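Residue-level listing of the chains:
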Amino acid sequence: MTALVLEQATVRLGNRAVLEAVSLTVRKGELVALVGPNGAGKSSAIRALAGLLPLSAGRALLGDKTIESLSPRARAAAAAYLPQERRIAWNMPAVEVAALGVPFLPPPEALSNAHAALKAVEADHLADRGVAEMSGGERARVLLARALATQSQALLVDEPIAGLDPDAQLMVLDLLRTRARVGQAVLVSLHDLGLAARYADRVIVMHQGRAVADAAPTQSLTPDIMAEVFGLSARWIDGPDGPLLIQSRYSDGSSVGVNSPAPT
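Remember, it's a predicted structure, so these values are computed and weren't measured experimentally.

Rules used in this analysis
- Residues numbered from 1 in each chain as written.
- Predicted model: local features only at pLDDT ≥ 70, side-chain atom pairs only at ≥ 80, totals over all residues.
- Heavy atoms only, no water.
- Salt bridge = Lys/Arg side-chain N within 4 Å of Asp/Glu carboxyl O.
- Buried < 20%, exposed > 50% of the residue type's maximum accessible area, 1.4 Å probe, protein only.
- Helix = DSSP H or I, 4+ residues; strand = E, 2+ residues; numbered from the N terminus.
- Contact = heavy atoms within 4.5 Å.
- Pairing = 2+ DSSP bridges.

Colleague: Could you clarify how one ought to interpret the pattern of salt bridges in this entry?
Modeller: Side-chain pairing between opposite charges can occur once the charged atoms of the two side chains come close. The tally for this structure, following the rule as stated, stands at eight salt bridges. The salt bridge involving Glu-20 is made with Arg-12; its shortest N-O contact spans 3.9 Å. By relative accessible area, Glu-20 is classed as partly exposed at 22%. Residue Arg-12 is classed as partly exposed on the basis of its relative accessible area, which comes to 42%. Linking Arg-27 and Glu-30 is a salt bridge whose minimum nitrogen-to-oxygen distance equals 3.0 Å. The class of Arg-27 is partly exposed, set by a relative accessible area of 39%. Overall, the relative accessible area of 9% leaves Glu-30 in the buried class. Through salt bridges with shared partners, a single network forms among Arg-27, Glu-30, Arg-202 and Asp-214.

Structural data, given as structure tokens:
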């Protein structure tokens, strides 16, 4: 079942189109990665699906309902949204911040979901600590827990691993992939192409407000796309755990490769 849909979606901010006729789908059970340079439209696509950016043309749907037809409460129950911004205005305990993700549940159930979500992101020891007293990485886990606490049909997560240490990055992506495997639809924006290739069922490449590729990692991150969109030389090679994406820069003739396994 398809949980997230953009149909020929166009978003304009002033005179500038930040999305131009973008179509994408994410089915329940899928983890789909949005990749692209800064300003390519990744966050705009996610925010459009969350109902936070009005469309100039096209449609955004959660399940079989348009965003506009859903109340804010119904949107929150259908799709959880994690923005890039990690600022929290009040120094609330982590468990209370996580419980804000489920305002549609009675307080005891919301707190139960919040505790379970904090445990899932390995932050249950932070439950009673104020978020203003945490590191940036700790706050990132708490905010991810807030999104996970909804147990919604879809997750919209924008750069969830930015600023995290390598172990935490893998933990977060393992968790998102697990959520997909148990039936949620997960759309995640990533700058790390290697991790996108490793974890995503499909990779959607955004470029100048358009979706220019949408396929399995090896078919989406082709040498031509990597050169056109990212200005990188790239190729896939066989590795012990599946295909590896090798990337290097053109500009100075140097070759600083990044090896990343794709799904098998």
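Moving on from the model shown.
Colleague: What should I look at first to understand unusual backbone geometry in this one?
Modeller: One can expect most non-glycine residues to show negative phi and most peptide bonds to be in trans. Notably, Gln-8 is not glycine yet its phi reads approximately 50°, a positive angle. By the secondary structure assignment, Gln-8 is in strand β1 (residues 2–13). One non-glycine residue, Gln-151, adopts positive backbone phi at about 50°. Mapped onto the elements of the fold, Gln-151 is located in the loop between α5 (136–148) and β7 (154–158). Using a relative accessible area of 55% as the deciding quantity, one classes Gln-151 as exposed.

Colleague: Can you walk me through the environment of Ala-120 in this structure?
Modeller: Relative to the assigned elements, Ala-120 resides in helix α4 (residues 107–120). Taking C-alpha positions, Ala-120 is 35 Å from Ser-248, a pair spaced 128 residues apart along the chain. Not counting residues within four places of it along the chain, the set of residues in contact with Ala-120 comprises Met-171 and Leu-175.

Colleague: I tried to follow the pairing of strand β8 (residues 185–189) on my own but got confused; where do I start?
Modeller: Remark: a regular strand shows side chains that alternate across the two faces of the sheet. Within β8, five of the five residues are buried, which leaves it mostly tucked inside the rest of the structure. Neither face of β8 is left uncovered, since the one carrying Ala-185, Leu-187 and Ser-189 and the one carrying Val-186 and Val-188 both have all their residues buried. In this structure, strand β3 (residues 31–35) lies alongside β8, joined through four bridges in parallel fashion. Each bridged residue has a counterpart across the sheet, and for Ala-33 the counterpart in β8 is Val-188.

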